[in-house]
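# Structural features, examined
Residue-level listing of the chains:
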Amino acid sequence: MNTAGRLEKMLAALLRYGSWSASAAIGLGYALALIGSHSPARNLAVLPNIRIARVGIVLFILLPILRVLLMFLFFVRERDFRFAFISGMVLAIILLGIFLGVPAT
Amino acid sequence: MAGGFSLWLFAVSMAASALGGMLGMAGGIFIVPILTIFGHIEIHTAIGASIISVIACSCGGAAPFLKNRLTNIRLAIVLEIATTTGALTGVVLAGILPVSYLYFIFAAILFISAHQMLARRRAPVLASALSDASHSSDALGLNSSYPDRELGREVTYRVDRVALGMVFMYGAGLISALLGIGSGVLKIPAMDTAMRLPIKVSSATSNFMIGVTAAASAAIYFMRGGIVTEVAGPVAFGSVLGAIVGARMLLIVSNDKLRLLFVVILVVLGVQMLLIVFGVHLIEGSL
């Protein structure tokens, strides 16, 4: 089971660095917002910083989806088509939810 | 939004997550009650913020489990078909159910968690003589092994009753999306009892699945504008730091006293969530 160990290492790296990046974006956004809130041009400074924090939140939502995508690609490359199919199904369910779940307003 | 409120959100999330982390579970279950009872935040906004912190704690804590080969990734991806389908059902229900029902269901989950915390987890009877070959899990190659440090050897295990496990997981995914929690409270018994996994494997695999399950609902809530950055940002950041602190303190604090404190908090929050349904506020926030 050498291949399983490789996938585990890749997933661990993706999740670890992904979480760090997302947390860093949120932390940075808020740190800047807190500093900005003491400056005179307060409202002008806060908005872009909140946007940095929002990027962090989007990263957190994308991270598990990327994790499933990585598993899908790995299983396809390993020609393990049963598990490629299963991972593909999980991806499809998530994407279906996004497309059907958003009301067209 | 005022900086003071952001700091309050950050602090309570960090405390909740650290408290959960000390007992080796996610603190997500505290976030929604604290935000609604003390922060007077609308429950859907609180759920949106909580679900992001659930993803953060799952992803942030996954690496050590994966490196120690405790996570059964193949089993996880199979069960995720059920958890993500459940999550979509939960999103639909969250849009339909009146707010009072959400409080009611949340209170019920808090009481179940308190009960589970008192009962403790017992090691499942490992009926895993690997000779028995006529199981669906064998066909999928889900049986596996993990290195047990205490025993100092490789432990092989069999995955039982995957179909029953999937039914539980559908329910866990639904509750996760509906209430913005990781619902380990439903995943762990399914894996311990129904599928008879070793405790370490079921904890690691459950943690691994929680992120994907939560992302399925979080993506939809986000697209609908249900995730408010001003609330979700500090909550997620606080939870990540709290989880790190909690894991460190795991070794210092007495487990039994902590367990009791945990049960008391769960029951108090549960009672207050129930009372909100009837318009009674016993414990009032200072903010």
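Scope of this entry: the structure provided in the associated data block.

Residues and elements named next belong to chain B. Where strand β1 (residues 144–148) lies against strand β2 (residues 153–157), 5 bridges are found, and the strand directions are antiparallel. From the neighbouring strand, S145 faces β2, where its bridge partner is T156. The antiparallel pairing of β1 with β2 creates a hairpin that spans 4 residues between the two strands, and G152 there sits at a positive phi of about 70°.

All right, on to unusual backbone geometry then. All names here are of chain B. Phi at H40 is positive, roughly 50°, even though this residue is not glycine. Mapped onto the elements of the fold, H40 is located in the loop between α2 (28–37) and α3 (43–67). By relative accessible area, which is 41% here, H40 ends up partly exposed.

Let us now look at the environment of L14 of chain A. Residues and elements named next belong to chain A. Mapping L14 onto the fold places it in helix α1 (residues 2–36). L14 sits 56 residues away from L70 along the chain, and the two C-alpha atoms are 9.1 Å apart. Residues contacting L14, with those up to four places away along its chain left out, are L63, L66, R67 and L70.

On to the nonpolar core. In terms of nonpolar packing, the biggest core is built from 122 residues, with I61 of chain A together with F30, L35, I52 and I227 of chain B touching the most fellow members. Residue contributions to this core peak at 14 residues, all from helix α9 (residues 199–223) of chain B. When residues no more than four places from it in sequence are discounted, the contact partners of I52 of chain B are I57, F60 and I61 of chain A together with A218, I227, A232 and A236 of chain B.

Looking now at the pattern of salt bridges. Enumeration according to the criterion identifies 6 salt bridges over all chains in this entry. In this structure, D80 of chain A and R74 of chain B form a salt bridge, with 3.0 Å as the shortest nitrogen-oxygen distance. One end of the pair, D80 of chain A, is in the loop between α2 (42–77) and α3 (81–101); the other, R74 of chain B, is in helix α4 (residues 73–96), on a second chain. What makes D80 of chain A buried here is its relative accessible area of 17%. Salt bridges sharing common partners tie together R158, D160 and R196 of chain B.

Evaluated as defined, the whole model comprises 7 aromatic pairs over all chains. Ring geometry for F74 of chain A against F75 of chain A: centres 5.9 Å apart, planes inclined by 75°, an arrangement best described as edge-to-face. What links up through ring pairs into an aromatic cluster is the set F74, F75 and F83 of chain A. Of note, R67 of chain A hangs over the ring of F208 of chain B, and the distance from its end group to the ring centre comes to 3.7 Å.

Conventions adopted
Residues numbered from 1 in each chain as written. Chains lettered and ligands numbered in written order. Predicted model: local features only at pLDDT ≥ 70, side-chain atom pairs only at ≥ 80, totals over all residues. Heavy atoms only, no water. Pairing = 2+ DSSP bridges. Helix = DSSP H or I, 4+ residues; strand = E, 2+ residues; numbered from the N terminus. Buried < 20%, exposed > 50% of the residue type's maximum accessible area, 1.4 Å probe, protein only. Contact = heavy atoms within 4.5 Å. Core = buried A, V, L, I, M, F, W, Y, C linked by side-chain atoms within 4.5 Å. Salt bridge = Lys/Arg side-chain N within 4 Å of Asp/Glu carboxyl O. Phe/Tyr/Trp six-rings, centres within 6.5 Å; stacked < 30°, edge-to-face > 60°. Lys NZ or Arg CZ within 6 Å of the ring centre and 35° of its normal.

No statement about biological role is implied by the geometric values presented.
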